[in-house]
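Chain by chain, the residues run as shown.
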Amino acid sequence: MAAKKKKPIKLEELTREEKMKYEIAEELGLLDKVMTDGWKSLSSKETGRIGGLLARKKREKAE
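So, here is what we can say about the structure in this document.

The rules behind these values
Residues numbered from 1 in each chain as written. Predicted model: local features only at pLDDT ≥ 70, side-chain atom pairs only at ≥ 80, totals over all residues. Heavy atoms only, no water. Core = buried A, V, L, I, M, F, W, Y, C linked by side-chain atoms within 4.5 Å. Buried < 20%, exposed > 50% of the residue type's maximum accessible area, 1.4 Å probe, protein only. Helix = DSSP H or I, 4+ residues; strand = E, 2+ residues; numbered from the N terminus. Contact = heavy atoms within 4.5 Å. Phe/Tyr/Trp six-rings, centres within 6.5 Å; stacked < 30°, edge-to-face > 60°. Lys NZ or Arg CZ within 6 Å of the ring centre and 35° of its normal. Polar contact = N/O pair within 3.5 Å; in protein donor to acceptor, adjacent residues only side chain to side chain.

1. Some thoughts on the nonpolar core
Counting residues in hydrophobic clusters, the biggest one holds 11 residues: L14, M20, Y22, I24, A25, L30, V34, L42, I50, L53 and L54. Put simply, the parts of the chain that give this core at least two residues each are α1 (16-27) and α3 (44-62). The contact partners of Y22, leaving out residues within four places of it in the chain, are I9, L14, L31, V34, M35 and W39.

2. What to know about the packing of aromatic side chains
Throughout the structure, instances matching the rule amount to 1 aromatic pair. The ring of W39 has K21 lying over it, and the distance from NZ or CZ to the ring centre is 4.6 Å.

3. Quick look at the environment of Y22
As for its position among the elements, Y22 is in helix α1. Y22 gets classed as buried once you look at its relative accessible area, which sits at 14%. Here W39 takes part through its side chain, which lies 3.4 Å from a polar atom of the side chain of Y22.

See the structure below:
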């Protein structure tokens, strides 16, 4: 099976939500893992942690 070609991430093309996701991954020390192996490489626990923090940040901005 051929490996997928990885597209470089262009930060200027990301939505605000996607940027927040990358920032949270960096805060949790998971950014290197995401950059090398993609989001699918994260465990469900890691993904849930990112989702929970993302939801909290959204709520805090809305208030």
